[in-house]
Protein chains: 2
Amino acid sequence: MVENPARLLLGPGPSPVDPRVTQAMSTPVIGHMDPMFVSDLGNTSELLRHVFGTKNRATFAVSGTGFSGMETALVNVIEPGDTVIVGVSGFFGVKAEELCRRLGAETIVVSNGFGLPVETIDIRSALEDSGDVKAVFLVSAETSVGLRQPLQDIAEVVHEFDSLLISDMVTLLGGAVVKVDEWEVDIAYSGSQKCIGTPPGSAPITFSPRAVEAIEQRKSPVPSWYLNALEISAYWAGELPYHHTCSSTVMYGLKKALELIKDEGLNNRAQRHEIHGAALRSGVEAMGLSVASLEGRRLGMLTPINIPEGIDDKDVRSALLEEYNTEIGGGLGDWAGKVWRIGLMGYGSTPANVLHILNALEHLLSERGHKCERGSATAAATQSLS
Amino acid sequence: MVENPARLLLGPGPSPVDPRVTQAMSTPVIGHMDPMFVSDLGNTSELLRHVFGTKNRATFAVSGTGFSGMETALVNVIEPGDTVIVGVSGFFGVKAEELCRRLGAETIVVSNGFGLPVETIDIRSALEDSGDVKAVFLVSAETSVGLRQPLQDIAEVVHEFDSLLISDMVTLLGGAVVKVDEWEVDIAYSGSQKCIGTPPGSAPITFSPRAVEAIEQRKSPVPSWYLNALEISAYWAGELPYHHTCSSTVMYGLKKALELIKDEGLNNRAQRHEIHGAALRSGVEAMGLSVASLEGRRLGMLTPINIPEGIDDKDVRSALLEEYNTEIGGGLGDWAGKVWRIGLMGYGSTPANVLHILNALEHLLSERGHKCERGSATAAATQSLS
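Remember, predicted model here, so these are calculated numbers, not experimental data. (Residues numbered from 1 in each chain as written. Chains lettered and ligands numbered in written order. Predicted model: local features only at pLDDT ≥ 70, side-chain atom pairs only at ≥ 80, totals over all residues.)

A. Just the overall build of chain A, in detail. Of regular secondary structure, chain A possesses 14 helices and 14 strands. Relative to the globule expectation of 21 Å for 386 residues, the C-alpha radius of gyration of chain A, 21 Å, shows essentially globular dimensions. Structurally, chain A occupies a C-alpha span of about 65 × 55 × 40 Å along its principal axes. Looking at chain A residue by residue over its 386 residues, the buried ones come to 59%. Pairs at least 24 apart in sequence give 72% of the contacts found in chain A among residues at least 6 apart. (Helix = DSSP H or I, 4+ residues; strand = E, 2+ residues; numbered from the N terminus. Rg over C-alpha atoms; globule rule 2.2 N^0.38 Å. Buried ≥ 20, exposed ≤ 12 C-beta atoms within 10 Å, placed from the backbone. Contact = placed C-beta atoms within 7 Å.)

Shown next, in the form of structure tokens:
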């Protein structure tokens, strides 16, 4: 077996990396306290503010993957005994709720089921029924079910009850126009390995002044040093010489990826993700398959597809890896074994990749007895693209 | 200013990276659930067991820097109300004690002062004076003061009192022969960016069966998901399909670095670090400077030097960066402003680097009025090397 072949990454992340990002990461390591590096962290913060759509001072990247972003968002504000409302539309909502409990919080789950969004009225009702609620957690783009969760109206309600809105933007950031300030999100975090387009290893995050104030007013110390938001933020701002051995390899990759996003333009980039997602869905449906995510709330960057009856999930994914050197994702949580998840993220969101995965699926499914007119999927996708 | 120049990293880490490691990290990203990658994580575990000197099943690397290793070691076993004895010989002991308190533990500090080791009798006495002690924490190689802290005799005492021995090996691992099993250390962790020789981003860690049992017998859940040892360990062992988006970029770098260590041989590598450390010390003393670390307990990979009177710490370090493109470290904690710290770690531990830093220091210190016979430092080092 060849070590580390060039897999085509069309799953829910990691996504393919632009060679210019790889090149930025191949430059020699520079120290975490080097004035040149600290100055570049400042520039990276500014680029992060651009993609997050925020003026928040406390905007930086955690030295970890997307889950370290989730943990940083929660561990800094949640104290034992706090009440947290968690919207659950899929796997990552489930994980956030579990983490809140690990941190000693009382949790109230608001859910209309896997794959279904949480509505403003659900959150209002939960807030009315509860006493003092420290925070409301929502996943803006649930990777496990391909669902877009609007935040803006909900933010208004959350703030009416003097609570904080925390949102997972792991899949959204860099693939859609995000407006943290306009939407009034208090803490938003992401991972670099989806629509941002670097290898896994950094988790962009931003804290509103209201969120910073909540951290400052804690009764107990933050039970983490590695994920301590105010300390990392001060280090990124050059106000604290040392917090941890921040990696220039990782952060120069992130900086380059953010520069490429800025060069492309947020609107263009969002549109690119929408167009290729729509083309993929057309092709999938022309093949006689159905898209699993909720109509009207679908994501461009991530499409869950119902696995047709009589077809084995793992068999097809293994064949894709072995015959096409291509990765797609399986289901998570309630949807495990029921869906495939195709990601067209960042550098991977291209017409060529749309046609490639449709061709590959058509071939493998036909071989396994699924009936579809050969060529219909790519024809539909091509029409959608033009 | 040139972006990201090739700094020569002769501080306390990050250390220079072997081009073969950089190359391994430049290969295309592969998914965290790809069978090929998961199999390679298994191979990396085995290589980690080799450098740690252990058969511990729960041996893996955290997706974070050295501090994430410290936090993983503590957050998994320490529960609120537990008593922890922390040996403090320098900055990293101080940080560990702070983290234990953040986790709700009662801490007992055992210290003979900055730069001085903790002796077996100190630990015995602290254990005798305390009730039930969950763990004893010791830094095996204190990077802030260049001190080697032996563990073996202390481990015996710790286990006599049915407590766990947790040890920071961030600076030691990969630059010395480490014997976790023989020394009876229950939890040991490191960082990849010192003597291992990769960019920052992974923290090797190992848990003895006794440590795993302590985690399994917790009363409260581990208050972290990202650093949850049993979950990460199960993922690395291929028993859990998903824990976090583990980075192939980072882990293939680690795997290559560990292979290079195995190829060189642990004894040879330890000897290399000792020889170059001794040569550096000879040169430093020939220059009329003094080594700050305790005689008999010195480290080969990290040498703290007392800053001579009348010389400005930051001025010299800035000149080293600007004129020699070379990084050394300043002091931390009680030794801030008092010492420079020169690291000869991993790929950076070479005769050429010993002579380079001595020449550079001699030049810059002479310019600033420090009296020394020109050429004496490199002459002494050369003699020590031969």
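B. Local environment of the relation of the copies chain A and chain B. When chain A is fitted onto chain B, the two copies agree to an RMSD of 0.0 Å after a turn of 180° and an axial shift of 0.0 Å. Put plainly, the chains are arranged around a two-fold axis. Among all residues of chain A, the minimum C-alpha distance to the rotation axis is found for A:G64, at 2.7 Å. Taken as a fraction of all interface residues of chain A, those also at the interface in chain B reach 100%, which identifies the copy contact as same-surface. (Least-squares fit on C-alpha atoms with pLDDT ≥ 70 in both.)

C. The sheet that holds strand β5 (residues 135–139) of chain B, seen in detail. Residues and elements named next belong to chain B. On the basis of which strands lie adjacent, the open sheet formed by seven strands has the order β2-β10-β9-β8-β5-β3-β4 and mixed pairing. Either end of the sheet is taken by a strand with one partner, and the two such strands are β2 (58–62) and β4 (106–110). The mean inter-strand angle of the sheet, taken between neighbouring strand axes irrespective of direction, is 15°. The pairing of strand β9 (residues 187–189) with strand β10 (residues 203–207) spans three bridges and is antiparallel. Bridging from a neighbouring strand, A188 pairs with T206 of β10. In this fold helix α8 (residues 209–216) packs onto β2, β8 (164–168), β9 and β10, with an angle of close to 110° to the strand it touches most, β8. (Pairing = 2+ DSSP bridges. Axes fitted to C-alpha atoms, helices over the stretch in contact; angles between N-to-C directions.)

D. Fine view of the sheet that holds strand β11 (residues 302–306) of chain B. All names here are of chain B. One open sheet holds the three strands; their spatial order is β11-β14-β13, and the pairing between them is antiparallel. Where the open sheet ends on each side, the last strands, each with one partner, are β11 and β13 (329–330). Across two bridges, the pairing between β13 and strand β14 (residues 339–343) is antiparallel. If you follow G329 over to β14, its bridge partner there is R341.

E. Expanded view of helix α3 (residues 66–75) of chain A. Residues and elements named next belong to chain A. For α3, the tally of buried residues reaches ten of ten residues, placing the bulk of the element in the interior. Within α3 the residues assigned to the buried category are G66, F67, S68, G69, M70, E71, T72, A73, L74 and V75. Close packing links the buried residues of α3 with β2 (58–62), α4 (91–102), β8 (164–168), β9 (187–189), β10 (203–207) and α9 (229–236).

F. Structural view of the packing of α3(A) against α4(A). Residue and element names in this part refer to chain A. Between α3 and α4, the least distance of the axes is 10 Å, while the angle of their chain directions is 45°. By the criterion of interaxial angle, the relationship of α3 to α4 is oblique. Between α3 and α4 lies a crossing whose hand is right-handed. Of the residues in α4, those in contact with M70, E71 and L74 of α3 are A96, L99 and C100. Taken together, the residues that form the contact of α3 with α4 break down as five nonpolar, no polar and one charged. (Parallel < 35°, antiparallel > 145°, perpendicular 65-115°, else oblique. Left-handed = near helix turned anticlockwise from the far one by under 90°. Nonpolar A, V, L, I, M, F, W, Y, C, P; charged D, E, K, R; others polar.)

G. Fine view of the interface of chain A and chain B. The partner chain B presents 49 residues to the 49 residues of chain A that form the contact. Of the residues belonging to the side of chain A that touches chain B, the class tally is 22 nonpolar, 21 polar and six charged.

H. Summary view of the confidence of the model for chain A. In this model, chain A carries an average pLDDT of 97, and 99% of its residues clear a pLDDT of 70 or more. Model confidence for the complex: the whole-complex pTM is 0.97, and ipTM, which rates the interface, is 0.96. (pLDDT = per-residue confidence, 0-100.)

I. Inspection of the domain arrangement of chain A at higher detail. Residue and element names in this part refer to chain A. Structurally, chain A comprises domain 1 (8–12 + 266–385) and domain 2 (19–263). With centres defined by C-alpha atoms, the gap from domain 1 to domain 2 works out at 28 Å. Listed by partner, the interface residues are 25 residues for domain 1 and 25 residues for domain 2. Elements with a contribution of two residues or more to the side of domain 1 that touches domain 2: α11 (266–286) and β11 (302–306). For the side of domain 1 that touches domain 2, the element with the most residues is α11, which contributes five residues. Along the lines of polarity and charge, the residues of the side of domain 1 that touches domain 2 split into 13 nonpolar, seven polar and five charged. (Domains from an automatic or database assignment.)

J. Spotlight on the nonpolar core. Of all hydrophobic cores here, the largest spans 258 residues; its most connected members are A:I123 and B:I123. Contacts of A:I123, omitting those with residues within four sequence positions, involve A:I85, A:V110, A:V118, A:V136, A:I154, A:V157 and A:V158. (Core = buried A, V, L, I, M, F, W, Y, C linked by C-beta atoms within 7 Å.)

K. Spotlight on the environment of B:L48. Looking at the element boundaries, B:L48 is found in helix α2 (residues 35–52). Those residues in contact with B:L48 that lie beyond four places of it in its chain are B:T59, B:A61, B:P204 and B:L258.

L. Main features of the environment of A:L355. Residue and element names in this part refer to chain A. You can see L355 is positioned in helix α13 (residues 351–367). Its 18 C-beta neighbours within 10 Å are what place L355 among the partly exposed residues. Linking L355 and L280, residues 75 residues apart in sequence, is a C-alpha distance of 8.0 Å. Setting aside residues up to four positions removed in sequence, L355 forms contacts with T378 and A381.

M. Looking closely at the pairing of strand β3 (residues 83–87) of chain A. Residue and element names in this part refer to chain A. With respect to burial, β3 is a largely interior element, four of its five residues being buried. Sheet analysis places β3 next to strand β4 (residues 106–110), joined by five bridges and oriented parallel. Its bridge partner lying in β4, V86 is registered against V109. Following the chain from β3 across α4 to the adjacent parallel β4, one finds a crossover that is right-handed. In terms of strand pairing, β3 meets strand β5 (residues 135–139) through three bridges, oriented parallel. Bridging from a neighbouring strand, V86 pairs with F137 of β5. (Right-handed = clockwise from strand over helix to strand, strands pointing away.)

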